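Residues per chain are reported as follows:
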Amino acid sequence: MTSILITGGAGFIGSHTALVLLEAGHSLVVLDNFANSSPESLRRLLELAGPDAEARLTVATGDIRIRDDLERAFAAAPAGQPIEAVIHFAGLKAVGESVQHPLRYWDVNLGGSRQLLAAMQAQGCRTLVFSSSATLYGMPEQVPIPETAPIRPINPYGHSKAAVEQLLDDLSASEAGWRIARLRYFNPVGAHPSGRIGEDPRGIPNNLFPFVSQVAVGRRERLQVFGGDWPTADGSGVRDYIHVMDLAEGHRAALDTLLSEEPQLLTLNLGSGQGHSVLEVVAAFASASGCPVPYELVARRPGDAASSVADPALAAQRLGCRTRRGLAEMCRDGWAWQSANPNGYGTANPLEGGG
Ligand SMILES: NC(=O)c1ccc[n+]([C@@H]2O[C@H](COP(=O)([O-])OP(=O)(O)OC[C@H]3O[C@@H](n4cnc5c(N)ncnc54)[C@H](O)[C@@H]3O)[C@@H](O)[C@H]2O)c1
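About the criteria used
- Residues numbered from 1 in each chain as written.
- Predicted model: local features only at pLDDT ≥ 70, side-chain atom pairs only at ≥ 80, totals over all residues.
- Heavy atoms only, no water.
- Phe/Tyr/Trp six-rings, centres within 6.5 Å; stacked < 30°, edge-to-face > 60°.
- Helix = DSSP H or I, 4+ residues; strand = E, 2+ residues; numbered from the N terminus.
- Buried < 20%, exposed > 50% of the residue type's maximum accessible area, 1.4 Å probe, protein only.
- Core = buried A, V, L, I, M, F, W, Y, C linked by side-chain atoms within 4.5 Å.
- Contact = heavy atoms within 4.5 Å.
- Pairing = 2+ DSSP bridges.
- Axes fitted to C-alpha atoms, helices over the stretch in contact; angles between N-to-C directions.
- Parallel < 35°, antiparallel > 145°, perpendicular 65-115°, else oblique.
- Left-handed = near helix turned anticlockwise from the far one by under 90°.
- Nonpolar A, V, L, I, M, F, W, Y, C, P; charged D, E, K, R; others polar.
- pLDDT = per-residue confidence, 0-100.
- Right-handed = clockwise from strand over helix to strand, strands pointing away.
- Near = heavy atom within 4 Å.
- Polar contact = N/O pair within 3.5 Å; in protein donor to acceptor, adjacent residues only side chain to side chain.

With the rule as written, the count across this model stands at five aromatic pairs. Aromatic side chains Phe-209 and Tyr-241 sit 5.6 Å apart centroid to centroid with 55° between the ring planes, which places their arrangement in the tilted category. Of the two residues, Phe-209 is situated in helix α7 (residues 208-216) and Tyr-241 in strand β9 (residues 238-243); the sequence distance between them amounts to 32 residues. Judged on exposure class, the residue Phe-209 and its partner Tyr-241 are both buried.

Structure below.
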């Protein structure tokens, strides 16, 4: 059993990863300020993890930018089991918002990461899994995209992630003993198959999948498809989607790899290696949900690429695991979540017995 600090553990990817780690027997401290999540996700993942899990999950409400909050989170580990590793999900992730509020993005994503790393150093904890993003690759020249592709982000969100990656490079070069995995996610989608936890974006979703599922459930009228004239099979943009449970299992594998090997800096793509077009996703979601997904084709958005798909070979080799769930399961599980929780965690009924 390992004691792990998870920043942003109440969020979409964090909650699914926390569940996988609890099921693997680890002890967790979740540090989250609930800026983009609800404590309800933690209550529900505990239900899913079974009766003995509650004693292994501590919630520290706080902000990664505040040193005292970080110290409190490290101190919340069970007696005799200091935090051995950190999985760092906390951050802001909306590309459009980052263009409007760059200071906020640099503050939380870079400033928060810097503060966290300083706290880790002070605590003698040098094992970190960091949530990076395929956004770093900007407009890719080569698809599938290998980890060696140039880092050329084209928005403040991507710049802030690239800056943290650079900081991690500098840190691991400055001092022996750091074990760091920079995981570059492609497009995480879907939900736990129970439909009890899932993605609960505030306001208008930025990403295709939550938008499509909100159209299917009747919360939004129709989807706008940006560009029907891309050089792809059906003219709509192609992306690499990864089921959030595959992503969560990838974090467990990354942590196991870091803890069992010599100190290192690992940089890995986490994607399925399969591209799906927007129109394919619309059709698959309509079929999984049995609900129509009306859409209209509109002009391309500046900054979008025709196709972005991971080369997942290095991750498969270094982590010894591959993604297992395809588009049909992503849609099935995403729909299980959306249809049972049409307004996300906001619909939680406090009187509901079994959660
Ligand atoms: N979801 C994606 O499409 C995607 C793709 C690539 C990378 N990522 C990265 O993965 C990470 C997790 O993404 P997610 O989709 O789960 O997002 P999310 O918004 O659901 O989760 C982030 C969590 O961090 C918390 N948080 C935000 N600012 C904080 C702060 N200052 N202090 C403490 N907690 C704070 C939020 O309340 C939330 O619970 C992010 O770093 C994101 O940039 C996400």
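A separate point is the nonpolar core. Core analysis: the biggest nonpolar cluster contains 41 residues, and Ile-6, Leu-22, Leu-28, Leu-183 and Leu-270 have the highest contact counts within it. With residues near it in sequence (within four places) discarded, Leu-28 still touches Ile-4, Ile-6, Ala-18, Leu-21, Leu-22, Arg-56, Leu-57 and Thr-58. Grouped together as the second largest cluster of nonpolar side chains are 24 residues, Phe-74, Val-86, Met-120 and Leu-171 included.

Attention shifts here to the sheet that holds strand β10 (residues 265-270). The parallel open sheet is built from seven strands, whose spatial order is β3-β2-β1-β4-β5-β6-β10. Every interior strand has two partners, whereas the edge strands, β3 (57-61) and β10, have only one. This sheet shows a mean twist of 20° between the axes of neighbouring strands, independent of strand direction. One ladder, built from six bridges, connects strand β6 (residues 179-185) with β10; its direction is parallel. Bridge pairing in β10 links Ile-180 to Leu-265. Helix α5 (residues 102-123) rests against β1 (3-7), β4 (85-88) and β5 (127-133) of the sheet, and its axis sits at about 170° to β5.

Running from amino to carboxyl end, helix α1 (residues 12-23) crosses helix α2 (residues 39-49) at an angle of 30°, the nearest separation of the two axes being 10 Å. Overall, the two elements α1 and α2 adopt an arrangement that is roughly parallel. For α1 against α2, the interelement crossing comes out right-handed. Between α1, through Ser-15, Ala-18, Leu-19, Leu-22 and Glu-23, and α2, the contact on the second element is made entirely by Ser-41, Leu-45, Leu-46, Leu-48 and Ala-49.

Let us look at the packing of α7 against helix α11 (residues 327-340). Closest axis-to-axis distance for the α7/α11 pair is 10 Å, and the angle between their directions is 55°. Judged by the angle between their axes, α7 and α11 are oblique. Considering how the two elements wind past one another, α7 and α11 form a crossing that is right-handed. Of the residues in α11, those in contact with Phe-209, Pro-210, Ser-213, Gln-214 and Ala-216 of α7 are Leu-327, Met-330, Cys-331, Trp-335 and Gln-338. Here the contact of α7 with α11 is built from residues that sort into seven nonpolar, three polar and no charged.

Further remarks concern the confidence of the model for the protein chain. When the pLDDT values of the protein chain are averaged, the result is 95; 97% of them are 70 or greater. In the predicted structure, residues 348-355 sits below a pLDDT of 50 and forms eight contacts with residues beyond four places in sequence or in another chain.

The next subject is the pairing of β3. In the sheet, strand β2 (residues 27-32) pairs with β3 via five bridges, with the strands oriented parallel. Its bridge partner lying in β3, Leu-28 is registered against Leu-57. Once the chain exits β2 it traverses α2 before rejoining the sheet at β3, and the crossover so formed is right-handed.

Before going further, it helps to spend a moment on the site of the ligand. As a structural note, the neighbourhood of the ligand is formed by 29 residues, with Asp-32, Asn-36, Ser-37, Lys-93 and Tyr-157 the closest of them. At 3.1 Å, a backbone N or O of Ile-64 approaches a nitrogen atom of the ligand. Within the side chain of Lys-161, one N or O atom sits 2.9 Å away from an oxygen atom of the ligand. Where the shell around the ligand is concerned, the elements lending two or more residues are α1, β5 and α6 (156-174). Sort the elements by how many residues they give to the shell around the ligand and β5 lands first, with three residues. Classifying every residue of the shell around the ligand gives 13 nonpolar, 11 polar and five charged.

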